[in-house]
Structures are given as structure tokens and as C-alpha cells.
Amino acid sequence: MMEIPYTVEARPETGVTNVKLGIWLFLASEVMLFGGLFSAYVLLRTGAPAWPPGWTILSVPLGAANTLVLIASSVTIVMAWLALEDRDVTEYWLFMGLTVLLGVVFLVVKAFEYADKFEHGLGPASSMFLGVYFTLTGVHALHVASGVVVNAYLLASGAALWARAPVQLTNRVEAAGLFWHFVDIVWIFLFPLLYLL
Amino acid sequence: MKRPYLVVFAVFAGLVVATIVTVAVAAWHLPAGPAAAVALAVAAVKASLVALFFMHLRRERRVVYAVVLLAGVLLVAMMGLVAVTERTQVARPVAPAPGRQPGAL
């Protein structure tokens, strides 16, 4: 089987591993995806004759709680990576497990918010505001779900990969962490734009 | 390796405080302009903390900065185009083509 080059040591031309360069290039493309969605939000909102403040329709306490959940998960994934750098696998499992758990908590809270809207007969087609809300938070939730799957995989396969190639696991966790932090940053902007303004 | 617990938890505390500030300021129900300015400024500070400390952008290789700069320039260009777009164009209904009923596919 062909080995992917420079997953452990840095590529001389760039000074970073291909894993890190790859995830940063992916995040750059993600900036354009969410940039397009944010642009659509701004254009629709400023062009609309009337726009309801988010707090009249959405639950600010639930949105704020989810913000704190994602911030906490950013901390735990940093701690998981630092534990691997320090060759402490037990602590890695603890913090990566917490990261997965917090990601699931975020999605469960989101599901409750969606269910509440649907129970009141409100969906993406009900109004321009709700169309934008469901689109932006839906795309973001898909990213959170993807991150949970990747983090859970790194948690489940961690022991085997750690025994075979510890630096490779450390680099993979760093890349997964970069994606997770990006998802956190997107929510940091989504929360005030949709819930507070 | 000595783990930088203090830095990690200081950033975490900063992010929590900034979130509380955002919610507290929003509760005052300021006019739309100032409210958006405060909310987005606090969000920018929070995003910078995450990027600089958790994503290690304080100390990175030049190639990573180049990728971030490229994404930033393209994002600013995109948002700049939004800023100069005439607002009324979005709300203005599209005139039907000659010979077609409004709303017909």
C-alpha cells in the first residue's frame, strides 16, 4: 500500500506536514462557503421591508448555552491534543471523550430548538427569517455532526494508531481540532446575528 | 512538555466573559446599528482568541499565514461587494418578461 507522504514529518518546502496544510486549505474553502451564506443573510435582511429581532422568535438562553458548550468543547479538544503531545493517552481519551459528548449535547439542544419550531407549525418556508435561520444553523449543525463523527473515530481508533504511529495520531487530532475550532468560530458569529440582533 | 494550562483556561475565561457581555448588551435592546456594531465587535474578539490561541495562529509557518490571508482577502472582497450592493435591488420585484404572466414558470 502506498504511504501518503509527510504525514509525520514536515515537508521541507512548506515547513508543515501535508495534514496541516491540507486542513488549512479545506478551512479556506469553508470560509468561502459560510462567507456566501453570511452575504446572503446580510442582503436579505437589509433588503427586507421588515425583519423581526431574533430574540422575539428564538430562545436566547438556549443559544447562549450552546455557545458555552462549543467553547468548552474547543478547550477539551486542545487539552486532548496537548495530552498526546505529552504522551498521556489516558488523559487524551478523557478529553476527546468530553469533546464528543459536548458536540452531541450541542446537537441535542439544536434538535430541541428545531422540534419546538416545528411543533408550532414554523418551518423554513414560514418566513424569510426562519428560512435563513434553518439554512445557516442547518449547514452549521451538519459541520458539528461531521466533527463529532471524526472525533469519535479518532477516539475509537486511537489506541491502535497510538501503538503503531503516535505522531500520526497526534497530527490527526491537531487537524480535527483545527476543524472543530473553525466550527466554533462560525457559531460565535451565528449566535449574535440570528439570536440577538 | 509543560502543558500551557494557564493560557488555555485564561482564553476559556475570556470567551465565557465575552459571551456574557454579548447577551447582556443585547438585553438593553439598543438601536439596530449600535447593537450590531457591539455584537460583531465582541464576536470578532472571541474569534481572534480562538484563532490565535487554540488554532496556534500566534506562531505558525509562513505557508499557513498565506492560506489564511488568501481566505481573508476573498472574504473581505465578497463582503465588500455586499456592502456596495444597492439594498433596494434585493427587495425590488423582478419584472415579468414580455408576454408572460407574473409568477408563471
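Residues numbered from 1 in each chain as written. Chains lettered and ligands numbered in written order. Predicted model: local features only at pLDDT ≥ 70, side-chain atom pairs only at ≥ 80, totals over all residues. Heavy atoms only, no water.

Novice: Got a minute to help me understand the overall build of chain A in this structure?
Specialist: In terms of regular secondary structure, chain A is built from 6 helices and 0 strands. In terms of principal-axis extent, the alpha carbons of chain A reach across some 60 × 35 × 25 Å. Of all 197 residues assigned to chain A, the portion counted as buried reaches 55%. Put simply, chain A shows about 8300 Å² of open surface, and 72% of that area lies on carbon and sulfur atoms. Charge centroids of chain A, computed over 8 positive and 13 negative side chains, lie 5 Å from each other. (Helix = DSSP H or I, 4+ residues; strand = E, 2+ residues; numbered from the N terminus. Buried < 20%, exposed > 50% of the residue type's maximum accessible area, 1.4 Å probe, protein only. Areas by Shrake-Rupley, 256 points an atom, 1.4 Å probe, with all protein chains shown as cover. Lys, Arg positive; Asp, Glu negative; His and termini not counted. Charge placed at Lys NZ, Arg CZ, Asp CG, Glu CD.)

Novice: Mind showing me how you'd approach the confidence of the model for chain B here?
Specialist: One rule of thumb: low pLDDT means the predicted coordinates there are not for detailed reading. Confidence in the prediction of chain B, expressed as mean pLDDT, is 86, and 79% of residues score 70 or more. For this predicted complex, the interface score ipTM comes out at 0.93, while the overall pTM is 0.91. (pLDDT = per-residue confidence, 0-100.)

Novice: Any chance you could explain the interface of chain A and chain B here in plain terms?
Specialist: Accessible area lost during the coming together of the parts is what is often quoted as the interface size. On the side of chain B, 44 residues touch chain A, which itself brings 51 residues to the contact. Across the chain A to chain B interface the summed buried area is about 4100 Å²; carbon plus sulfur atoms make up 82%. Joining chain A to chain B, the criterion identifies 1 salt bridge. For the interface between chain A and chain B, the tally reads 4 residue pairs in polar contact (both at pLDDT 80 or more). For the side of chain A that touches chain B, the elements supplying multiple residues, two or more each, are helix H1 (18–47), helix H2 (60–85) and helix H6 (166–196) of chain A. (Contact = heavy atoms within 4.5 Å. Buried area = accessible area lost by both parts, 1.4 Å probe. Salt bridge = Lys/Arg side-chain N within 4 Å of Asp/Glu carboxyl O. Polar contact = N/O pair within 3.5 Å; in protein donor to acceptor, adjacent residues only side chain to side chain.)

Novice: Even after reading the chapter, I still don't get the side chain of His181(A), so can you show me in this structure?
Specialist: By the secondary structure assignment, His181(A) is in helix H6. For His181(A), a relative accessible area of 3% puts it in the buried group. If we ignore the near neighbours within four places in the chain, the residues touching His181(A) are Ser74(A), Ile77(A), Val78(A), Val50(B), Phe54(B) and Met55(B).

Novice: How should the side chain of Gln168(A) be read in this particular structure?
Specialist: All names here are of chain A. The residue Gln-168 is located in helix H6 in this model. Look at Gln-168 and you get buried, because its relative accessible area is 17%. The contact partners of Gln-168, leaving out residues within four places of it in the chain, are Thr-7, Val-8 and Leu-161.

Novice: Even after reading the chapter, I still don't get the packing of aromatic side chains, so can you show me in this structure?
Specialist: How two aromatic rings sit relative to each other is given by the distance of their centres and the angle of their planes. Residues and elements named next belong to chain A. Counted by the stated rule, this structure contains 13 aromatic pairs over all chains. Here the aromatic rings of Tyr-114 and Phe-134 are separated by 4.9 Å at their centres, their planes lie at 55°, and the arrangement is tilted. Of this pair, Tyr-114 sits in helix H3 (residues 89–119) while Phe-134 sits in helix H4 (residues 128–156); the two residues are 20 residues apart in sequence, bridging distant segments of the chain. Look at Trp-187 and Tyr-195: their rings are 5.9 Å apart centre to centre, the planes differ by 65°, and that puts the pair in the edge-to-face class. We classify Trp-187 as buried; its relative accessible area is 0%. (Phe/Tyr/Trp six-rings, centres within 6.5 Å; stacked < 30°, edge-to-face > 60°.)

Novice: Would you take a moment to explain the environment of Val78(A) for this structure?
Specialist: The residue Val78(A) is located in helix H2 in this model. Between the C-alpha atom of Val78(A) and that of Glu91(A), which follows or precedes it by 13 residues, the distance is 12 Å. Not counting residues within four places of it along the chain, the set of residues in contact with Val78(A) comprises His181(A), Val8(B) and Phe54(B).

Novice: Mind showing me how you'd approach the pattern of salt bridges here?
Specialist: Within this structure, the stated rule accounts for 5 salt bridges over all chains. Lys20(A) serves as the salt-bridge partner of Glu174(A), at 3.3 Å between the closest nitrogen and oxygen. One end of the pair, Glu174(A), is in helix H6; the other, Lys20(A), is in helix H1, and 154 residues separate them in sequence. Taking relative accessible area as the criterion, Lys20(A) reaches 15% and is therefore assigned buried. Among the salt bridges present, the one from Glu60(B) reaches Lys20(A), with a minimum N-O distance of 2.7 Å. One end of the pair, Glu60(B), is in the loop between helix H2 (32–54) and helix H3 (62–84); the other, Lys20(A), is in helix H1, on a second chain. No difference in accessibility class separates Glu60(B) from Lys20(A), as the two residues are buried. The structure contains a network of salt bridges with shared partners spanning Lys20(A), Glu174(A) and Glu60(B).

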